[in-house]
Amino acid sequence: MGHQPDLRPVRKPERVFSYFQKEWPLVVLFSIAGIVFNLGQSVVLVMQGKLIDTVSERSPFPVVLRATGFLLLMVLFFQGCRYTKRFAIRHWANRTIARMRQEVYDHLVTQSLSELEQEQIGDLMTKAVGDVDISVEGIRKTTTEIFDTGVLMAGYAATLCISSWRITAMCVWWIPLSMFLASRLKTVVARLSKASREQQSRVTGMTFDMASKTVLLRTASMEEPVLARYRQELKVLQKKATLASLLESSLGPLYQGVASIGFIFVLFFGGKLVVDGTWSIGSFSSYSLLFSAFTVKASKASKLFNAWQKAQVSFGRIRPLLSGHPKEDTTIHHPLDPERRLVVSHLSFRYPQEEKWVIKDVSFTAEPGEVVGITGPVASGKSTLNIALEGLYPYEGSVKLGGWELRELSGFERGTYISWQGHQSELLSASIRENVTLGEKGDISRVLRDVAFDKDMERMPDGEETMVGSSGVRLSGGQGQRISLARALWRGSPLILLDDPFGSVDLATERHIIHSIRTHYTHSIIILVSHRLAMFPETDQVGFLSKDGRLSMGTHQSQMEGNPLYREMFELQQKEVEDHEKR
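Keep in mind it's a predicted model, so treat the numbers as computed, not measured.

S.K.: With reference to specific residues and values, describe the overall build of the chain.
M.R.: When its secondary structure is counted, the chain shows 21 helices and 10 strands. Per-residue burial over the chain gives 45% buried out of 583 residues. Of all intrachain contacts in the chain linking residues separated by at least 6 positions in sequence, the fraction that spans at least 24 positions is 77%. Only carbon and sulfur atoms are counted for the fraction: they give 59% of the accessible area of the chain, which is about 30400 Å².

In structure tokens:
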């Protein structure tokens, strides 16, 4: 394995200076190389003028050759410094992008679910990827222009003044005028850039929505109306992006034209000095080239302003994501007691910013090794009960696992003690192994057998390293669901919450999985939310959640005897199974 770079976070990630401070060896390297290269450009132009004088004065060939060789060596040396500067700045930018993205991702994963739900997916992706890149690229360009414009112009100005401060004083004042125009117009560039980025966030969000809901849109014949609105938003984005780009690209020639007016004075007064014999042809040539280069660089000072303004806009958008997020505490402060019992007392739950209580006054107890089946009518809140038992949202009442209230546990502790499988598979665009282990090490062969995936694996040439594609597109619905179930079971957490894990598997596979769970996960409490009741006779407890959010607990037999709606649901499903087997 190669050397892994140190990407530990900076102390104050919300400050740009912190990223320079963190990579100070690179900063020192590109600072020295940048200063030497840019100051050396004035020396090269002066030596070029001396070479012209050597030729015009018809000096001996060895003298001309020596002057030419010396000039070439100087050019090679300074170009080497230029390469070193660019390499070091690019290396700094790459490391800073990686470090800044890590800060943004760390913040996002520590945000509460309610905070994340208030964000648009397009805006989040634009911030996490686009704005980070634009910020660092803007800072890189600004840093480069500080040397290639600021230091270079300082060197040119000093050399011009040494050659003739009088001519310089008469010609140079046009350059501050062009820079003044650049500084005044920078706010316009910033405003247009901000509008373009905001529109890009909206378009990105629509793109993700359309990509994830293609089947739904086609089935509902809504594809064309949605595409029409999408095209309209694209037109708005094109207009705003074009306007911002047009203004930014047209300002350079404007500034250069203003700054170049002083060249008229150089030609007149410089030519007069040549005629008077005060300057040689080489001196006039050097001064003209220096002033021309000076005006060109002055006109490009707008790049510095534009790059910095664009960086400020994007950095301002991600600054809240670069500070204030808590560092994850990976210490277990609340070890579970030996009994590891789940005790739910008078639990009531509603989603943040919602008034309606979905779960009301729910109480039950479960022991390790028990499988608790939860069912009920459609939209009764079965999945919500599992969400409440995760402890990610605020709740009323009490949910204790191993003697500890869930709200008392840290996020790391809840993640260690509780595993969850949602109604959707939620697979990553990664290998089967990575989807099961989420990057941890260990053998997954047993858990794949437990979810009846070992036969499927035999037909996959890459085995556990088979890539599942974006959202599991390369797998069938049942395969994706079983991979998601394997992820929930893999660590054997004390509490495992399963939401409709058998929706896309046949009855024989469901029997196999239930048998595996009862055999191999005797140290875990399994909460099984499902609308399929075929295996509920095998569970230890059955909870029936009514539409009013209240839960009645019992066994399968007691529910059959005392709950007419549960009995009707079970018998109807049994009849459907029997009819299917007859066919």
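Okay, back to it.
S.K.: Can you tell me about the pairing of strand S7 (residues 495-499), naming the residues and giving the values?
M.R.: By the criterion of burial, S7 is predominantly enclosed, with five of the five residues buried. Alternating residues of S7 divide into Leu495, Leu497 and Asp499 and Ile496 and Leu498, and every residue in both groups is buried. Bridge analysis of strand S6 (residues 418-421) against S7 gives four bridges, and the strand direction is parallel. Bridging from a neighbouring strand, Trp420 pairs with Leu497 of S7. Sheet topology places S7 next to strand S8 (residues 525-529); five bridges connect them, and they run parallel. By the bridge assignment, Leu498 is partnered in S8 with Leu528.

S.K.: Describe helix H10 (residues 263-276), and please don't skip the residues or the numbers.
M.R.: For H10, with 14 residues, the first-to-last C-alpha span of 20 Å sits near the 20 Å given by 1.5 Å per residue. Considered for burial, the residues of H10 that qualify are Val266, Gly270 and Leu273. Viewed end-on, H10 has its buried residues packed into an arc of 50°, placing them on one side of the element. In H10, the exposed positions that point more than 90 degrees away from the buried face belong to Ile264, Phe268, Val275 and Asp276. The first or second residue beyond H10 is Gly277, which carries a positive phi of 85°.

S.K.: Give me the sheet that holds strand S2 (residues 359-366): which residues, what numbers.
M.R.: Read across the open sheet, the four strands follow the order S2-S1-S4-S5; overall the sheet is antiparallel. At either end of the open sheet lies a strand with only one pairing partner, and these are S2 and strand S5 (404-405). Where strand S1 (residues 342-349) lies against S2, five bridges are found, and the strand directions are antiparallel. Looking across to S2, one finds that Leu342 is bridged to Ala366. Each of S1, S2 and strand S4 (396-401) is contacted by helix H13 (residues 382-390), which is oriented at about 115° to S1, the strand it contacts most.

Conventions and cut-offs
Residues numbered from 1 in each chain as written. Predicted model: local features only at pLDDT ≥ 70, side-chain atom pairs only at ≥ 80, totals over all residues. Heavy atoms only, no water. Helix = DSSP H or I, 4+ residues; strand = E, 2+ residues; numbered from the N terminus. Buried < 20%, exposed > 50% of the residue type's maximum accessible area, 1.4 Å probe, protein only. Contact = heavy atoms within 4.5 Å. Areas by Shrake-Rupley, 256 points an atom, 1.4 Å probe, with all protein chains shown as cover. Pairing = 2+ DSSP bridges. Expected span 1.5 Å × (residues − 1). Arc of directions from axis to C-beta. Axes fitted to C-alpha atoms, helices over the stretch in contact; angles between N-to-C directions.

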